[in-house]
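A closer look at the structure
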Amino acid sequence: MVVAVTYDKETGNVGQHFGHADFFKLYENENGKIMDSAVVSPFGQGHEAVASTMEDYSVSLVICQNIGDGALQALSAYGIAVCPNVEGLADDAIEAFMQGSLLIADALNCDCDHSTGGCCGGSDGACGSGCGGCCH
C-alpha cells in the first residue's frame, strides 16, 4: 500500500493544503512496516492534477491538513481515501496511521459545505465539528 502525505520539505511537517502541495512524501507500507519512502512533486497544480499524480503513483491513501470538496471528489474518482486535518511531522503521521489512530474521511457522504474551510465547515476547522461527526 502506498500512502502519500502532503509534505513541507523545510520542516518535515504535513503540508498545509492538498491542492497546493509542492511536495508529497510517499511511503510504501507492507505488512505494517515502512519499506521505502520518497519525496515527489505533483505533475501540476490544482485538485485534478494532484489527484492524477496520486493515481499515477498507485497511492491508496492521502494524509493532509486541509482539502476541499473538489479534491475529495477527484481522489474519490480514483478510489483514493483521505485522512484530513492531520498536523505535525509527516513521519509521525504515517506512524499514527499504521497504529490505527487516524480516521479516514467520509466527507463525500455527508450534507456539509466543505468549501468553508475545515472538513464539514466547522468554525474551528476540526473534522466533524460542524455536523456531528459525519466525516468519520
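Heads up: the structure comes first, above all this text.
Residues numbered from 1 in each chain as written. Predicted model: local features only at pLDDT ≥ 70, side-chain atom pairs only at ≥ 80, totals over all residues. Heavy atoms only, no water.

Within the protein one finds three helices and five strands. Going from N to C terminus, the protein has its helices and strands arranged as β-β-β-α-β-α-β-α. The proportion of buried residues among the 136 residues of the protein is 42%. Partitioning the intrachain contacts of the protein with sequence separation of at least 6 by distance along the chain shows that 46% fall at a separation of at least 24. When the accessible area of the protein is evaluated, it comes to approximately 6,700 Å², of which 44% is carbon and sulfur surface. (Helix = DSSP H or I, 4+ residues; strand = E, 2+ residues; numbered from the N terminus. Buried < 20%, exposed > 50% of the residue type's maximum accessible area, 1.4 Å probe, protein only. Contact = heavy atoms within 4.5 Å. Areas by Shrake-Rupley, 256 points an atom, 1.4 Å probe, with all protein chains shown as cover.)

Once that is clear, we can look at the packing of aromatic side chains. Here the structure, examined in full by the defined rule, presents two aromatic pairs. Centre to centre, the rings of Phe 18 and Phe 24 are 5.7 Å apart; their planes meet at 65°, and the pair counts as edge-to-face. The positively charged end of Lys 9 is found above the aromatic ring belonging to Phe 23, 4.5 Å away from the centroid. (Phe/Tyr/Trp six-rings, centres within 6.5 Å; stacked < 30°, edge-to-face > 60°. Lys NZ or Arg CZ within 6 Å of the ring centre and 35° of its normal.)

One can expect most non-glycine residues to show negative phi and most peptide bonds to be in trans. Of note, the phi angle at Asn 31 is positive, near 55°, even though the residue is not glycine. Of note, Asn 31 is situated in the loop between strand 2 (24-30) and strand 3 (33-40). You will see that Asn 85, though not glycine, has its phi angle at about 60°, which is positive. Relative to the elements of secondary structure, Asn 85 occurs in the loop between strand 5 (81-83) and helix 3 (90-98).

To continue, consider the packing of helix 1 (residues 47-56) against helix 2 (residues 69-77). Close contact between helix 1 and helix 2 brings their axes to 9 Å; oriented N to C, the two are set at 30°. With respect to each other, helix 1 and helix 2 are oriented roughly parallel. The interaxial crossing formed by helix 1 with helix 2 has right-handed handedness. Note on element contacts: helix 2 touches helix 1 through Gly 70, Ala 71, Ala 74 and Leu 75, opposite His 47, Glu 48, Ala 51 and Met 54. Of the residues contributing to the contact of helix 1 with helix 2, the split by class is five nonpolar, two polar and one charged. (Axes fitted to C-alpha atoms, helices over the stretch in contact; angles between N-to-C directions. Parallel < 35°, antiparallel > 145°, perpendicular 65-115°, else oblique. Left-handed = near helix turned anticlockwise from the far one by under 90°. Nonpolar A, V, L, I, M, F, W, Y, C, P; charged D, E, K, R; others polar.)

Within the secondary structure layout, Asn 29 lies in strand 2. Separated by 3.3 Å, the side chain of Asn 29 and the backbone nitrogen of Lys 33 make a polar contact. Excluding its chain neighbours within four sequence positions, the residues that come into contact with Asn 29 are Met 1, Ile 34, Phe 97 and Met 98. (Polar contact = N/O pair within 3.5 Å; in protein donor to acceptor, adjacent residues only side chain to side chain.)

Opposite charge on two side chains allows them to pair when their charged atoms are near. Inspection of every chain in the model, using the stated rule, returns one salt bridge. Note that Asp 91 and Lys 25 form a salt bridge whose closest N and O atoms lie 2.9 Å from each other. A residue pair is termed long-range when its members are at least 10 positions apart, and Asp 91 in helix 3 and Lys 25 in strand 2 qualify at 66 residues. Under the relative-accessibility criterion, Asp 91 is labelled partly exposed at 39%. The class of Lys 25 is buried, set by a relative accessible area of 12%. (Salt bridge = Lys/Arg side-chain N within 4 Å of Asp/Glu carboxyl O.)

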